[in-house]
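Residues per chain are reported as follows:
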Amino acid sequence: MQSLGHSFRALVIGSSGGIGAAFVRALQAMPHCQEVMTLSRHTHPSFTLEDEASMAHAAAVLQASGSFALIVDATGVLSFDAHKPEKNLNALNTEALMRSYHLNAVGPALLIKHFVPLLSMGQRVVYAKLSARVGSISDNHKGGWYGYRAAKAGLNMLLQTAAIECARKRPELVMAALQPGTVASALSQPFVASSDAITPDVSVAGLLQALDALPAQGRAHFVDYRGQSIAW
Ligand SMILES: NC(=O)c1ccc[n+]([C@@H]2O[C@H](COP(=O)([O-])OP(=O)(O)OC[C@H]3O[C@@H](n4cnc5c(N)ncnc54)[C@H](OP(=O)(O)O)[C@@H]3O)[C@@H](O)[C@H]2O)c1
């Protein structure tokens, strides 16, 4: 992340996940990353995506340590409880659709609300959120996975709307929805053999390179781990 200068601080939210942990490792290995803070359900302070008060508390605690040039939100859920991604309309039910939207879109939007204020002012800063290519409406060729797709599409809209608002006060803010590739992790494991997936470290190396190259443009980017832009 040369674009963030010679001494920057980073925060990884969802640091306990496959991709979140790879972000922590990659940033810790960068000589010009002064400090990497982590936040998950297992850190102190901790937070959950269902509880805005826990996010507000964590943000207040972390704010006391100083500001960040990079925040990555690597949280997200595909399967939960007994729920698996829906293959057809008959599999739809209200509770699962609402829960996927809550965890993949509402929770991350509230994280933006509470954590964008922790980014430094007056310099290039980056807020990156793990989204998914399946959240692209124009790139939906296969169907299926209704709840996850819809939640990621909703997430992308929330992120884009926040990017437009935040750029008024922070013209040097880069906001990005990230597609990490098909990555070997707990989330993908039930659906993809690890031999057909890239490692979290390969994905994150590409994502960091992609983020480094993105201009602040007053709107969000939707980009993959090879730096290629994805249609919304
Ligand atoms: N893996 C892929 O192939 C792939 C492809 C496209 C997009 N993505 C996206 O990439 C992101 C990371 O995925 P991953 O593969 O790293 O998955 P993962 O290993 O399952 O990690 C998911 C992360 O989300 C956190 N999380 C889940 N529910 C939470 C809750 N209620 N409150 C707080 N944190 C919660 C988990 O915390 P705990 O450790 O506490 O459970 C964990 O840190 C997700 O947004 C996913 O949609 C992944």
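Residues numbered from 1 in each chain as written. Predicted model: local features only at pLDDT ≥ 70, side-chain atom pairs only at ≥ 80, totals over all residues. Heavy atoms only, no water.

### Quick look at the nonpolar core
Line of reasoning, step 1. Formed by 65 residues in total, the largest nonpolar core has its most connected members in Phe8, Phe23, Leu27, Leu70, Phe115, Tyr127 and Met175.
Line of reasoning, step 2. If you tally residues by element for this core, the top one is strand S5 (residues 173-179), at six residues. (Core = buried A, V, L, I, M, F, W, Y, C linked by side-chain atoms within 4.5 Å. Buried < 20%, exposed > 50% of the residue type's maximum accessible area, 1.4 Å probe, protein only. Helix = DSSP H or I, 4+ residues; strand = E, 2+ residues; numbered from the N terminus.)

### A few points about the packing of helix H1 (residues 18-28) against helix H5 (residues 200-213)
Relative orientation and spacing of two packed helices are given, respectively, by the angle between their axes and the distance between those axes.
Line of reasoning, step 1. Orientation of H1 relative to H5, taken along the N-to-C sense of each, is 65 degrees, at an axis distance of 9 Å. Viewed along their axes, H1 and H5 form a crossing whose handedness is right-handed. Of H5, the residues touching H1 (which contributes Gly18, Ile19, Ala22, Phe23, Arg25, Ala26 and Leu27) are Pro200, Asp201, Val204, Leu207 and Leu208.
Line of reasoning, step 2. When grouped by side-chain class, the residues that make up the contact of H1 with H5 number nine nonpolar, one polar and two charged. (Axes fitted to C-alpha atoms, helices over the stretch in contact; angles between N-to-C directions. Left-handed = near helix turned anticlockwise from the far one by under 90°. Contact = heavy atoms within 4.5 Å. Nonpolar A, V, L, I, M, F, W, Y, C, P; charged D, E, K, R; others polar.)

### Structural notes on the site of the ligand
Line of reasoning, step 1. Around the ligand sit 29 residues, and of these Ser16, His42, Thr75, Tyr148 and Ser185 come closest.
Line of reasoning, step 2. A distance of 2.9 Å separates an oxygen atom of the ligand from a polar backbone atom of isoleucine 19.
Line of reasoning, step 3. Measuring from an oxygen atom of the ligand, one finds a side-chain N or O atom of arginine 41 at 2.8 Å.
Line of reasoning, step 4. In the complex, 88% of the free accessible area of the ligand, which totals 900 Å², lies under the protein chains.
Line of reasoning, step 5. At the level of elements, H1 and helix H4 (146-169) are the ones that each hand at least two residues to the shell around the ligand.
Line of reasoning, step 6. Here the residues of the shell around the ligand are counted per class, giving twelve nonpolar, 14 polar and three charged. (Near = heavy atom within 4 Å. Polar contact = N/O pair within 3.5 Å; in protein donor to acceptor, adjacent residues only side chain to side chain. Areas by Shrake-Rupley, 256 points an atom, 1.4 Å probe, with all protein chains shown as cover.)

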